[in-house]
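# Chains, contacts and geometry: an overview
Single-letter residue listing:
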Amino acid sequence: MSLEKLAALLMTVLFTALPAAAPAADYPTKPVRMIVGWAAGGGADLMIRLVEKEFEQEFGQPLTFVYKTGANGAIAAMDLKSARKDGYTIGSYCNPHLVTNILTKKGQYSLDDFSYLAQTAIDPAFLAVRKDSPINSVEDFVRAAESGKMLVGCIDYFGPTNFAALKMHKAGIPYSMTSFGSGPKTISAMLGGHVDAAFLMTGTSMSSISEMKVLAIATAERDPMFPDVPTFRELGYDIVNYLYRFWMAPKLRPEVEQRLADGLRAIYDRPEVIEKNARAGLQVQFLDGATLRKNIEASFAEAEELIEYSNSLDNK
Amino acid sequence: MESDVFSLFIAGLLNAMTPSNLLVMIIGLAVGIIGGMLPGIAVVTAIALFIPFTFTMSPETALIALGAVYSGATYGGANASILINTPGQPSSVMTALDGYQLTLQGKAEEALYAALIASAWGGIIGTVVLLVFFRPLASVALKFGSESFFWMAIFGLTTLAAMFPGKVCKTMLAGAIGLGLSTIGLDPSGGIPRFTFGSFNLLQGFDMIVLMVALFSISQMLAVTEENADYIAKYDRVPGAFRRAWSAFVHSKLVVTVTGVAGTFIGTLPGAGGTVASIIAYNEAKRWDKNPDRFGKGCLDGVMIPECANNACVGGALVPLMALGIPGSSSAAVMVGGLLAQGLTPGPAMFLNNSGIAYTFISSLFIANVFMIAVGYIIARVCTKILDVPKSIIVPSVITLSCIGAYSLRGTMFDVLVLLIAGGLAYIFLKIDLPPVGVALGVVLGPIIEENLLVTISRAQASSLAELFLFSPLSMLFIILSALSLALPLYLEHRMKRRRPMPTRSARAIRPANLIRFDSLCYLTILVICCCFIIAAGDLEKEDSAIFPYFVFGAGVFFSALILFQQLLEPAREGLTPQKRHACFVIAAYFGIAMLAYILVEYLGFFSAMFLCMFCMLAYDQFVEKAHSVSLARFARLALVSLAVIGAQYLAFTRLIGVETPVGLFV
C-alpha cells in the first residue's frame, strides 16, 4: 500500500468516524445512574461495584446507585424501560430473568425496549452433594435416583439451577425438585441432609465449596474454577445453564450506545479488573452487545419449553 | 484445642486494638446506631451503605468496620422504640411494648441504658458462643429442615394468644391481618403474581419495613396529636439513671443471659433472625416469669430481654458463615459481598488460609460490644433531648422522616402511599383496640411460614407428608411447645373469668344496636374483605399458592365473626364526646396534609412537598389549634423550623446516602 493510499484511507476513516464521535464526545457530562434490580451486596451489585473506580476513570463521571429490588428484577426492568433514553440511566441485569419475567407476565416489556451494552460475568449452575454423601459421580447420582426416591434442591424458580434440574429430569432421570429461594437456604438444606443433592450456582457457593462434592458443571467447556469437574455435555447430557450478567440501558441513540459499549470493553480488557473479579468469585466472560442480544433471544425458546414442562409436572 | 482458641483470641484482640482499627470501629458503631434508629433504614441497608467505604481499607479493618455497623444497627432500633414507640428495626418491635410505657412513666433514660447494656451483653454472649462452639452449633443448625422452620414460626405466632390477656380474639385477628398482608405480591411457590389485581406496583408486595413504620410510627404520631399534653411524655432528668439501669441488669442477669444464649441459637438458623429471636425470647421470659402481668406495663426486663436476644443473633448469624460459609441472615449475606470484594472467602477456608483475620474479626466484635456502651451512652443521652421538644414539632418531623425512609428503601413513591394509607389504617386499628403488634408479628412470620410450608409439601414428594410434618423430632418438639403456648393463656383467661361474678341475664342480652357502632362496622368490613380474598384465592391458577391464603383469611373470617358476636353481647356504650369528635377532626387534618404532600411530590419535588407538609402541620397547630394570632414573625419562625428539619433530612439522605428523590419544580 502506497503512502498516499494509506493517508487517504486514514482520512476517510477519520471523516466517517468524526460525525459519529462528535456527539458522543460530550457524553457523559454528569453522573450516570446505575439501577440495580437486586439487593445491595448481591451479585448484580458486586459486579458493578468492582469496576466503579474504573468506570469513573474511563468515562470521567461517577456512577450513582439506585436499588429497585423486587419481583425477580421485573421492577428494575420496568424502571429502565421508562427511564430517559439519554444514557444517564443504565442498569445491571441478568438472564434468564429478563426472559422469564416476560414469560411469567411479571414484566410488561419486550427485548426491543433495551440497548444491550455488554455481558461481563457468568455464574454457572452445577450439581453437588454434601461431602459425606455416598454419591461420587453423576453416574452414582443417576443410579441412586433410579433406585429410590431422590429429592433435588434448586435455588430459584425458573432460574439457571431450576432449568438445569428440569432438563436432567426431562432426560429421564426420576427425581423430585424443590426450590428454596436463595443460595444460602439451598446450601443449608443440602448440607443438613434435607435434600439429597442440589443444583447450585458458583457465585453464592464459593464460600462453602469445601463442604461439598461438585459432580458436574453446566458450562459449555470445563470451568477454569473447577478444572477437574466434568461438564454435563462430557457426560452426555445437553445441559448448559448459567446466569449471565450484563449492562443494559433503555434504547439509546447509537452513538451513546457505542460510547458505553467501547468504554466497557476497555474496562474489561484490563487484566487487573479480571483478577479483581475473580478474587470476588465473579467469573468475567465478556461478550459484546450484539452477541449478547442474540443469546438472550435464543434463550427464549428453551425457557418457554422448560416452564411448560415444569407446569405439566405440577399438574400431575 | 481450648487453649489454642484462647491464644488465637488474644492475638486477635491485640490485632484489633490498633488506633486506626479502634477509630474505624467507633465510626462504624456510631453510623450503625444512628442508622438503626431511623425508621426505614434496616440493618442490611446500613451495612450495605457502609461497604463502599471499606473498599479502600485493609481486609481486617474492613471486617472490623462492618462488624461494628452490624452490632450498632441491631442495637440502635431500641432507641426509637423506647422514646417514640417507633421501632427503628423490625427486631425492636417487642422492645417498644415495655420501653414506651417506661417513657410515659418518665423513666426513658433508664430504659435506654438498660437496652444498651443488655444489647452489649447479648453481643458479647453471641461472640463467646461463636468463638467456642461455632462448629458443633453449625451442625445442629443444619438439622433444622423446612418443617422445623415452619413449626418454629408457628410457635412464634402463638405468642399472640398470650400477648394481651383479655383480648385474645382481637390479637389473633390482628395476626391474621398481618399474615394476609404478607400474601400479596409474588407467591413463594413459583413467583407468580398473587392478589395483585393487575397493579404493577403490588407485584413487589408490601415491604416489611414500610409496614412496620406505618404500623408504629405513623399511627403513633396520629395518636399522640390527639392527646392534650404539649410533650410526648413528662420527663425530668433524675441523676443516676445509668446506675439504676445497671443494677436492674445485674438483678436480672440470669434470665437475660439465658435469652442471650437462646438468641444466639436462633440467630444460627438461616432465615430466622433477630426479629424471631426477640419475639420468642420476650414471650418465653414472660411465660416463665413469676409475675407475668408486669410485662407490657413498663418493666425493664421487658426491654432488656428482646434487646439482648436480637444482639446475640449477630454472633449467631456468623456461626454458619464461619463454619460452613453460609450467611445466617441477610445482613451476614451483605457482609459476604463486602468480604468477597476484599478477596477474602468467608467460611471454613478462611480459618485455614486467613485464620489471623478470622480471629481478629471475632475478637473485634468483643471489643465493639464493650465500646458500644460508651458510644451508645452518648447517643442515648442526646436522644433523650427529643422528649424536650414539643410534640407539635416531633409529629411532623417523624412523619416526614418516615416518608423519606420509606421512599429510600426501594426508591418508589408507591411505598410512601402504602406508608400513609397503612398508617391511617393502623391508627383506626388502635382505636378499635386491634393491637398493631399483632399485625407486625403476622407480617414478619407470614413469609417464613408459607415458604417453609410449601417447601415441606414439595419435599414430601420423596417421602410422606405426615412423617415430615408431624413425626420428625424437631417438629414434635415445636408442636408441643406451640400447643402449650396456646392452651396456657386460654386456660388462665378462662379461670380468671370464672372468678368474676357471672353477669346477670339482662347484661347478657343481645343488642343489635351495638352492630352500628364504629368498631363493629370496622370488624364487619374486615370480615367482608377476608371473604373477598377467599373468593379471589379460589381463582388462583396454582393450587399450592392458595393453601396459605385460604387458611389465613379463613382465620380472619372466624375471628372477626367471633368479635362481632362478642360485641352483640356487650352492654351499650356512650356515643362520642365533643372532645373525641374534635380529636377526630385534628387527626383528619394531619392525615389530609400528609396525603396532600404525597400528591404534591410529583409537581414540587420530594423535599419541597415535605417542607410544605411540615410547615402546614406546624401552622395548623399554631394558628388553628392553639389559636395564636397570625403574624409574620410566627410564620417566619415556623418556616425556619421546617427548613431546618427537612434540610437535615435532605443532607442526610440525598447528600450523605445518595438517595435519589423525585424532582419537580424544586428538589
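If you're wondering where the values come from, they're calculated on a predicted model, not measured in any experiment.

### Some thoughts on the overall build of chain B
Of regular secondary structure, chain B possesses 27 helices and two strands. The dimensions of chain B, computed from C-alpha atoms along their principal axes, are 75 × 70 × 50 Å. For chain B, buried positions account for 59% of its 667 residues. Of the contacts made within chain B by residues no fewer than 6 positions apart, 81% connect residues no fewer than 24 positions apart. Put simply, chain B shows about 26,500 Å² of open surface, and 70% of that area lies on carbon and sulfur atoms. Both charge centroids of chain B, one from 39 positive and one from 36 negative side chains, sit 10 Å from each other.

### Focus: unusual backbone geometry
Residues and elements named next belong to chain A. Between Tyr27 and Pro28 the backbone carries a cis peptide bond, its omega angle lying at -5°. Inspection of the secondary structure puts Pro28 in the loop between helix H1 (3–25) and strand E1 (32–36). Following Asn95, the chain continues to Pro96 via a peptide bond in cis, the omega torsion being 15°. With respect to the secondary-structure elements, Pro96 resides in the loop between strand E3 (89–95) and helix H5 (97–103).

### Observations regarding the packing of helix H12 (residues 253–268) of chain B against helix H13 (residues 273–288) of chain B
Residues and elements named next belong to chain B. Where H12 meets H13, the axes come as close as 9 Å, and the angle between the chain directions of the two elements is 145°. In the packing of H12 onto H13, the handedness of the crossing is right-handed. Side by side, H12 and H13 meet where Val255, Thr259, Gly263 and Ile266 of the first sit next to Gly273, Val276, Ala277, Ile280, Ala281 and Ala285 of the second. Here the residues of the contact of H12 with H13 sort into seven nonpolar, three polar and no charged.

### A few points about the pattern of salt bridges
Proximity of charged atoms lets side chains of opposite charge pair with each other. Counted according to the given criterion, the structure contains 37 salt bridges over all chains. For Asp289 of chain B, the salt bridge is made with Arg294 of chain B, and the minimal N-O distance between the two is 2.8 Å. For Arg294 of chain B, a relative accessible area of 29% translates into the label partly exposed. Within the structure, one salt-bridge network assembled from shared partners comprises Asp45, Arg49 and Glu52 of chain A.

### Topic: the interface of chain A and chain B
Across the boundary between the two partners, chain A contributes 46 residues, which contact 45 residues of chain B. For the pairing of chain A and chain B, the buried interface totals around 3,700 Å² over both sides, and the portion due to carbon and sulfur atoms is 60%. Counting the surface chain A buries against chain B, the share from its top three residues, Lys106, His194 and Ser207 of chain A, is 16%. Across the contact surface, chain A and chain B share two salt bridges. Residue Glu451 of chain B pairs with Lys185 of chain A through a salt bridge whose shortest N-O separation is 2.7 Å. The interface formed by chain A and chain B includes 13 residue pairs in polar contact (both at pLDDT 80 or more). Mapped by element, the contributors of at least two residues to the side of chain A that touches chain B are helix H2 (43–49), strand E2 (63–67), helix H4 (74–82), strand E6 (176–179) and helix H8 (183–191) of chain A. It is H8 of chain A that contributes the most residues to the side of chain A that touches chain B, five residues altogether.

### Considerations on the confidence of the model for chain B
Of all residues in chain B, 97% attain a pLDDT of 70 or more, and the chain-wide mean is 88. The ipTM assigned to the predicted complex is 0.84, against a pTM of 0.87.

### A look at helix H10 (residues 208–226) of chain B
All names here are of chain B. The first and last C-alpha atoms of H10 sit 27 Å apart over 19 residues, in line with the 27 Å expected at 1.5 Å per residue. Within H10, 17 of the 19 residues are buried, which leaves the element mostly enclosed by the surrounding structure. Where H10 begins, the side chain of Asp207 points an oxygen toward the backbone nitrogen of Ile209, at a separation of 2.9 Å.

### Concerning the packing of aromatic side chains
On inspection of all chains with the given rule, the structure shows 43 aromatic pairs over all chains. Pairing Phe65 of chain A with Tyr67 of chain A gives two aromatic rings, centres 6.4 Å apart and planes at 20°, and the pair type is stacked. Measuring from ring centre to ring centre gives 6.1 Å for Phe144 of chain B and Phe478 of chain B, while their planes differ by 70°; the resulting arrangement is edge-to-face. Here Phe144 of chain B, found in the loop between helix H6 (108–142) and helix H7 (146–157), pairs with Phe478 of chain B, found in helix H22 (residues 473–499); they are 334 residues apart in sequence, far enough to count as distant. Residue classification places Phe144 of chain B among the buried positions, given a relative accessible area of 8%. Take Phe478 of chain B: its relative accessible area is 9%, and that puts it in the buried class. Three or more aromatic residues joined by ring pairs form one cluster here, namely Phe144, Phe149, Phe155, Phe265 and Phe478 of chain B. Above the plane of the ring of Phe65 of chain A lies Arg49 of chain A, whose end atom (NZ or CZ) is 3.7 Å from the centre. One residue, Lys170 of chain A, lies across the ring of Tyr309 of chain A, its end atom 5.6 Å from the ring centre.

### Things to note about the pairing of strand E7 (residues 197–201) of chain A
Consecutive side chains of a regular strand alternate in pointing toward one face of the sheet and then the other. Residue and element names in this part refer to chain A. The buried fraction of E7 is high, at five of five residues. The alternating pattern of E7 places Ala197, Phe199 and Met201 and Ala198 and Leu200 on opposite faces, both of which are buried. Here four bridges tie strand E4 (residues 114–130) to E7, and the two strands are oriented antiparallel to one another. Bridge pairing links Ala125 to Met201 in E7. Strand direction decides the pairing type here: strand E5 (residues 151–154) and E7, joined by two bridges, are parallel. Across the sheet, Val152 pairs through a bridge with Ala197, a residue of E7.

### Topic: H4 of chain A
Regarding H4 of chain A, the residues found buried are Ala74, Ile75, Ala76, Ala77, Met78 and Leu80 of chain A. Packed against the buried residues of H4 of chain A are E1, E3, H5, E4 and strand E9 (242–250) of chain A.

Cut-offs applied
- Residues numbered from 1 in each chain as written.
- Chains lettered and ligands numbered in written order.
- Predicted model: local features only at pLDDT ≥ 70, side-chain atom pairs only at ≥ 80, totals over all residues.
- Heavy atoms only, no water.
- Helix = DSSP H or I, 4+ residues; strand = E, 2+ residues; numbered from the N terminus.
- Buried < 20%, exposed > 50% of the residue type's maximum accessible area, 1.4 Å probe, protein only.
- Contact = heavy atoms within 4.5 Å.
- Areas by Shrake-Rupley, 256 points an atom, 1.4 Å probe, with all protein chains shown as cover.
- Lys, Arg positive; Asp, Glu negative; His and termini not counted.
- Charge placed at Lys NZ, Arg CZ, Asp CG, Glu CD.
- Axes fitted to C-alpha atoms, helices over the stretch in contact; angles between N-to-C directions.
- Left-handed = near helix turned anticlockwise from the far one by under 90°.
- Nonpolar A, V, L, I, M, F, W, Y, C, P; charged D, E, K, R; others polar.
- Salt bridge = Lys/Arg side-chain N within 4 Å of Asp/Glu carboxyl O.
- Buried area = accessible area lost by both parts, 1.4 Å probe.
- Polar contact = N/O pair within 3.5 Å; in protein donor to acceptor, adjacent residues only side chain to side chain.
- pLDDT = per-residue confidence, 0-100.
- Expected span 1.5 Å × (residues − 1).
- Phe/Tyr/Trp six-rings, centres within 6.5 Å; stacked < 30°, edge-to-face > 60°.
- Lys NZ or Arg CZ within 6 Å of the ring centre and 35° of its normal.
- Pairing = 2+ DSSP bridges.

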